[in-house]
Protein chains: 2
Amino acid sequence: MKKKVAIGIDVGGTNTAFGIFDREGNSLSEGSIQTKEFDEVEVFLAALVEKISLALQRLNGTVEVEGVGVGAPMGNIINGTIENAVNLPWSGVIPLVELLSKYYDSPVIVTNDANAAAVGEMIYGGAKGMKNFIVITLGTGLGSGIVADGKLLIGAAGMAGEIGHTMIRPGASNRECACGRRGCLETYVSVTGIKRTFFKILADSIADSELRDVTFNELTGKMIYQAAKKGDVIAKQAFDHTGEMLGFKLADVVASFNPEAIFLFGGLSLAKEFIFEPTKKALEDNLMEHYKGKVSLLPSKINSQKAAIVGASALVWNHKENGS
Amino acid sequence: MKKKVAIGIDVGGTNTAFGIFDREGNSLSEGSIQTKEFDEVEVFLAALVEKISLALQRLNGTVEVEGVGVGAPMGNIINGTIENAVNLPWSGVIPLVELLSKYYDSPVIVTNDANAAAVGEMIYGGAKGMKNFIVITLGTGLGSGIVADGKLLIGAAGMAGEIGHTMIRPGASNRECACGRRGCLETYVSVTGIKRTFFKILADSIADSELRDVTFNELTGKMIYQAAKKGDVIAKQAFDHTGEMLGFKLADVVASFNPEAIFLFGGLSLAKEFIFEPTKKALEDNLMEHYKGKVSLLPSKINSQKAAIVGASALVWNHKENGS
């Protein structure tokens, strides 16, 4: 009997990666092409599909493709489209599912990266068997994927789960957001957010820090983490403040969705206790009595470099098994 | 053929009302008993069921009961219980579904008032045919019922939808909440909330107001509304501020759930444009670009005095038709 596999594709601005995974999330084959070399999405897809076909051929007919899952910026699961993604070479609305379905008989599903991460957590990771949980991705921005009653929460237009663009306080806050507004959660809680916090604390403080010799553009989340591990006071304060803001808004998330667990994924979450401890404290401090101690804050179990393609492939099994 | 009906029960601290409704929400019979006269819940239920049986008998066997829906403070739809409701005479966890099921062959469903209002809106009201919407109840507190992908959002422990206890800003806010914390949305947006806002503005202002002769305990939401209609500047400012806070937090709700509509129900919502206009403005001002103009803020269409029992009866049709 042939092994059933799912193809996972992660469309990025520079690179597009793919992988062929079995139901347990084991990778059978992987590859990538340069997104930015293709002006036309149809040509890009033809090249990508060809590369995937060669990978399948190398598996000598031992596998049966159950479907294709795609994670993409601004991927819309309802419409099967990528809609006005600023980081991709193709403008406007791209009917990705329609275009890819010409090549495959099995289902093609597209959604955004955070939703793919949530489905990946449910199918292969720490949320196996959970019906109500949330995945927060802490990269350049803050994304979120929400599973309620065992299904990905989509919303009326496929735009649910923009927790990164909920707001910290009423009135114009100081921090401009890439979305054009001010005071969104992701201006505080993301790799970019902690850089901003770090620079503000550094400006207010007279404490020494080896990062006083680093420019804003050079500064990375990892550098702040390394400094915090070495005892840098400013770096630790930056993590504390970031966790306070995240915990504060996660308390709203708990009151809204009543999840059993919240997973932190990627980027900042890799700073372990430096981000988890202040976040957990602020979350518990801000929870209503009957939620206290009842929601787990956990690191994602999909922690490999392959997370994006793993999550994308999980969309296929989720579609097959949960119908969403 | 017998007419199919649903029994709707609204358990309140003083009074418990019931009604027998057809699928269109028409009332065939109604009644009530005094909740507070019963020390024991079993005796209370026996008396209530007897009263309902008499009402059914008076319909001369022309109806067939499809189920019983109950709206109650702290009603938990997963457990079928009322859990530690402070306003009811019975303490602890009451296994309401278990107790009522002894009397009925058809399904018994219990949930809280705001969830019942949301299901009522979906079955009989303005949300017919909608799959993603939210009902905000603006009474003494602020409740919310959330429908996502056509189903009531329940959460891991039946405690989703506590939008009234999401918070306005980080750090201790001035306003104490009945839940024991500070700064919850319902301390600003509810009948009690607008009274607090009114008193604070009145204290800061030197403007005349006929309500300067009214005590806090005497003051009602209706009095503030009547004053606003007569041009009372302080009353109008109180509505504006209430709408600003509500619109600000509804923008978070839209980013989280991506609903197509938000309904305002009861209490403050009866102040029409005085609450709708500032709320709509603040909502649109705070929405991310791709949500702007895409979510309707609407008055509930279940506006009668019977709203609570109508909503409770709707739980029966929802259970039958949507399986939740």
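The rules behind these values
- Residues numbered from 1 in each chain as written.
- Chains lettered and ligands numbered in written order.
- Predicted model: local features only at pLDDT ≥ 70, side-chain atom pairs only at ≥ 80, totals over all residues.
- Contact = placed C-beta atoms within 7 Å.
- Helix = DSSP H or I, 4+ residues; strand = E, 2+ residues; numbered from the N terminus.
- Least-squares fit on C-alpha atoms with pLDDT ≥ 70 in both.
- Domains from an automatic or database assignment.
- Nonpolar A, V, L, I, M, F, W, Y, C, P; charged D, E, K, R; others polar.
- Axes fitted to C-alpha atoms, helices over the stretch in contact; angles between N-to-C directions.
- Parallel < 35°, antiparallel > 145°, perpendicular 65-115°, else oblique.
- Left-handed = near helix turned anticlockwise from the far one by under 90°.

> Account for the interface of chain A and chain B, naming residues and giving values.
Chain A puts 40 residues into the contact, and the matching count from chain B is 40 residues. Element by element, the count of residues in the side of chain A that touches chain B is highest for helix α6 (residues 233-257) of chain A, at 8 residues.

> A description of the relation of the copies chain A and chain B should follow, citing residues and the corresponding values.
Rotating chain A by 180 degrees and translating it 0.0 Å along the rotation axis places it on chain B, where the RMSD comes to 0.0 Å. One copy is carried onto the other by what is essentially a two-fold rotation axis. Closest approach to the rotation axis within chain A is made by the C-alpha atom of R169 of chain A, at a distance of 2.3 Å.

> Requested: an account of the domain arrangement of chain A, with residues and values cited.
Residues and elements named next belong to chain A. Split by domain assignment, chain A resolves into domain 1 (3-113 + 305-322) and domain 2 (133-299). Each of domain 1 and domain 2 has a C-alpha centre, and these two points are 29 Å apart. Residue-level contacts link 8 residues of domain 1 with 8 residues of domain 2. For the side of domain 1 that touches domain 2, the per-class residue count stands at 3 nonpolar, 4 polar and 1 charged.

> Kindly report on the packing of helix α3 (residues 113-123) of chain A against helix α8 (residues 307-322) of chain A, identifying the contributing residues and their values.
Residues and elements named next belong to chain A. It is the contact of α3 with α8, at a shortest axis distance of 7 Å, that shows an interaxial angle of 70 degrees. In terms of orientation, α3 lies roughly perpendicular with respect to α8. Relative to α8, the crossing made by α3 is left-handed. Of the residues in α8, those in contact with D113, A116, A117, V119, G120, M122 and I123 of α3 are A307, A308, V310, G311, A312, A314, L315, W317 and N318. In the contact of α3 with α8, the residues fall into 12 nonpolar, 3 polar and 1 charged.

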